[in-house]
Every structure is written in C-alpha cells, then in structure tokens.
Amino acid sequence: MTDSRQQQLTDWLRTTHVPPNGSVEMVSGDASFRRYFRFLHASQWFIAVDAPPPQESLQPFMAIAQAYREQGLHAPKVHAYEQQLGFMVLDDFGDTLLFQRLVDDAAAEQAYQQALGLLPGLMRVTKTTEGPLPAYDIALLQRELSLFSDWLVQHHLGLELNSEQHSIWHATCDSLIDNALQQPQVGVHRDFHSRNLMWLESEEQIAVIDFQDAVQGPITYDAVSLLRDCYVRWPDALVARQVERFFQRLQAEQLLPSDTTLTQFIRWFDFMGIQRHLKAAGIFARLLHRDGKAGYMADVPRTLGYIIDISAKYPELASFSQWVSQVREQFIAQPPTADIIDPVSVT
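In this text the structure is predicted, and so the values were computed from the model without any measurement.

Peer 1: Could you give an account of the pattern of salt bridges, with specific residues and numbers?
Peer 2: Here the structure, examined in full by the defined rule, presents 20 salt bridges. For R38, the salt bridge is made with D92, and the minimal N-O distance between the two is 2.7 Å. On the criterion of sequence distance, the pair formed by R38 in strand β2 (residues 35–41) and D92 in the loop between β5 (87–91) and α3 (105–116) is long-range, its members being 54 residues apart. Classification of R38 as buried rests on a relative accessible area of 17%. Salt-bridge contacts for D95 lead to R38; the nearest nitrogen and oxygen are separated by 3.0 Å. With D95 in the loop between β5 and α3 and R38 in strand β2, the pair connects residues that are 57 residues apart, well separated along the chain. Judged by relative accessible area, D95 falls into the exposed class, the value being 52%. A single network of salt bridges, built from pairs that share partners, joins D3, R5, R35 and D50.

Here's what the structure looks like:
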C-alpha cells in the first residue's frame, strides 16, 4: 500500500534526471524517521531516501558523503535531492550487509580487519563544506548516558534508584565522560557497525552508510562500535587481537600520540564501549515506548552483558557492574510488552 509520502516521493522522482522505469518499492525503515526505497532507472538501480523535515535534514548527510568520498571511502553518491521535501537519490549498494558475512570467527577476523582499515581515512574527516563536525562534548555525552537511566531503568522497568545507586551511577557517568574527553578527538562516524556497513560484492569492498550524525569525538568510538557490536558478540581473544592491530595501525598513521601505551588504549576502548552500550540500551527502550518499534528489545540482554562483563574488569566499576547485573535480571524477568508491534522492517 502506497502512503502519501511515498506517492509524493514517486511524483518528485519523475521530475528528476533519474526517473523510475516502473514502481518505487520500499526497502526498509530504520531507527529514525528515514525510509528507503529502491527503483530502476534505465538499467541501474538507485535508492530513494525519504527523510521528512523537520525531524530529518539532508544537508549533513550530503556534505559528509562528499567529504568521505574525497578521502577515498565508498560512500554513496547523491544523484538528486529536494531539501524542502526531504527527498534524496543515492547509489544502490545492494542488500548484503557486513553482518551477513560474519559466518564464523575466521570470516569475522577478515571482515573486521578490512572494516577497521577504513577508519584512519574516516577519522581525518573533521569538517565538511558545511563547516567543522559537531563536537562530541560533555553535554552530548551526558544526554546519551541519561537515555539508559531515563528510558530503560525508569520508564521500561519502573525502577527508582536509591541513594547508593544514584552515587554509583553518577560516579560511573563521570568516569565514562572523562575517558571520552581525554582521548584524541577525530572524525567519528558514530554508528559504525556490522548492520550499517554494506558489502559490495563486485568490488569486494566495504561501503559506509548512515553517517549523518558524524561528530568529532573519541578515537576508539567507531572501533568499539564495530568490535563490540550490539547485534553479535565474538570471543574476547578475537576482539583483543583486532584492538591490538588497530592500535598499531593508528600509531603507524600518526593518529595516536607516540607515548600512548596499549594498556591506555585498551582502557579507552573498554570505557568507550560501556558508554556506547548504555546509550544503545536506552535507545532500544525508547524505540519501543516512544516509536512503537519493538524489534531492538531482543538485543538488550546482549548489550547489558557487555556492560556487566567489561566493567567487572575494573575495580572502580565493580559496584556498577553488580548493579547493571541486577537491572539485566529484572529485564529478563519482566514479560514482553504484548500490545506494541514493530510497524517497520528494521535492518
């Protein structure tokens, strides 16, 4: 069934230099308000994006795509756009996500090494034609951390923190924010994971998408997004090998201060992962309760498991690890919300 926005998009496409040969079919929605459609023009497939304003803006995506392409990254080319309507036409990178290639440990090793190889180029993009990328500052870090306490702990589970838990939570947030700010600040994709990277079969290359929220932020952020993915978990030894290789690569690329030790880098990586997983768990709960998208809730136990296990490695986070373990037990014990159905196919 075609809705009014899809019909408007189709009508607009017919006025561009890439009018559809036939129908315009929905591919997917995502965790935002954006939707994606596929159509054929001549003998080439394209993706049409519906990013309804004012919730979404095309300009950051288009500017970052250009900057990434100038760095030699496989980012989609923008073929047409209509800013006021929130419509855009992009290259079609196909349907194969990097996630689909992670069939075993050996495949994961190879795929992750290739994906991590993209990050030095991406890190060098700290500005676009629109100006400097926004800073991943204290205010943003605090807002992201509050997603966990506000949406998962309080809204979803109905838990109120006692004075001891408040103290543990705020001390942990302070440590995580300090960790993020003390790292070298580079260009950060901010959603660099196996379901947001496309595998280009014909070129055997990885393409980047969904980068409109890019910022200048901590050097470990994208690596931990990839290696400690909310959607799949790999053995600690595999992750450790990848982290060490990545550390060595950043040193060779002169993106890390020469006096940075591997121990320091691993701590940055671990704490950054905890921050990101707290944010993700909160977003998953918000997607359920605010947007009616239930599909991500199945990933909450894995996401909390990362937080529990990694924070337990650090004595100053031991109490926090124990508290999150209690939150996870409460989450698993709580029956699912039966009256909320995910209305959008989520990739």
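On we go.
Peer 1: Go over the environment of R233 with me, naming the residues and quoting the values.
Peer 2: The topology assignment puts R233 in the loop between α7 (221–227) and α8 (236–252). Considered as a pair, R233 and R302 are 69 residues apart in the sequence and their alpha carbons are 7.8 Å apart. Sequence-distant contacts of R233, that is, excluding residues within four places in its chain, are made with R302, G305, Y306 and D309. A distance of 3.0 Å separates a polar atom in the side chain of R233 from a polar atom in the side chain of D309.

Peer 1: Can you explain helix α10 (residues 300–311)? Please cite residues and give values.
Peer 2: In this model α10 runs 17 Å from its N-terminal to its C-terminal C-alpha over twelve residues, within 8% of the 16 Å that 1.5 Å per residue would give. Across the twelve residues of α10, ten count as buried, placing the element largely inside the fold. When we look at burial in α10, the residues that qualify are V300, P301, T303, L304, G305, Y306, I307, I308, I310 and S311. For α10, the secondary structure elements touched by its buried residues are α5 (138–156), α7, α9 (262–289) and α11 (318–333).

Peer 1: How would you sum up the nonpolar core? Please name residues and give values.
Peer 2: Among the nonpolar cores identified, the biggest contains 98 residues, and Y68 and F148 are the most heavily contacted of them. When residues of this core are assigned to their parent elements, the largest contribution, 13 residues, is made by α9. Excluding its chain neighbours within four sequence positions, the residues that come into contact with F148 are V153, W169, L278, A281, G282, L304, W323 and V327. Judged by nonpolar contacts, the second largest core, of twelve residues, contains W12, F46, A48 and A80.

The rules we used
Residues numbered from 1 in each chain as written. Predicted model: local features only at pLDDT ≥ 70, side-chain atom pairs only at ≥ 80, totals over all residues. Heavy atoms only, no water. Salt bridge = Lys/Arg side-chain N within 4 Å of Asp/Glu carboxyl O. Helix = DSSP H or I, 4+ residues; strand = E, 2+ residues; numbered from the N terminus. Buried < 20%, exposed > 50% of the residue type's maximum accessible area, 1.4 Å probe, protein only. Contact = heavy atoms within 4.5 Å. Polar contact = N/O pair within 3.5 Å; in protein donor to acceptor, adjacent residues only side chain to side chain. Expected span 1.5 Å × (residues − 1). Core = buried A, V, L, I, M, F, W, Y, C linked by side-chain atoms within 4.5 Å.

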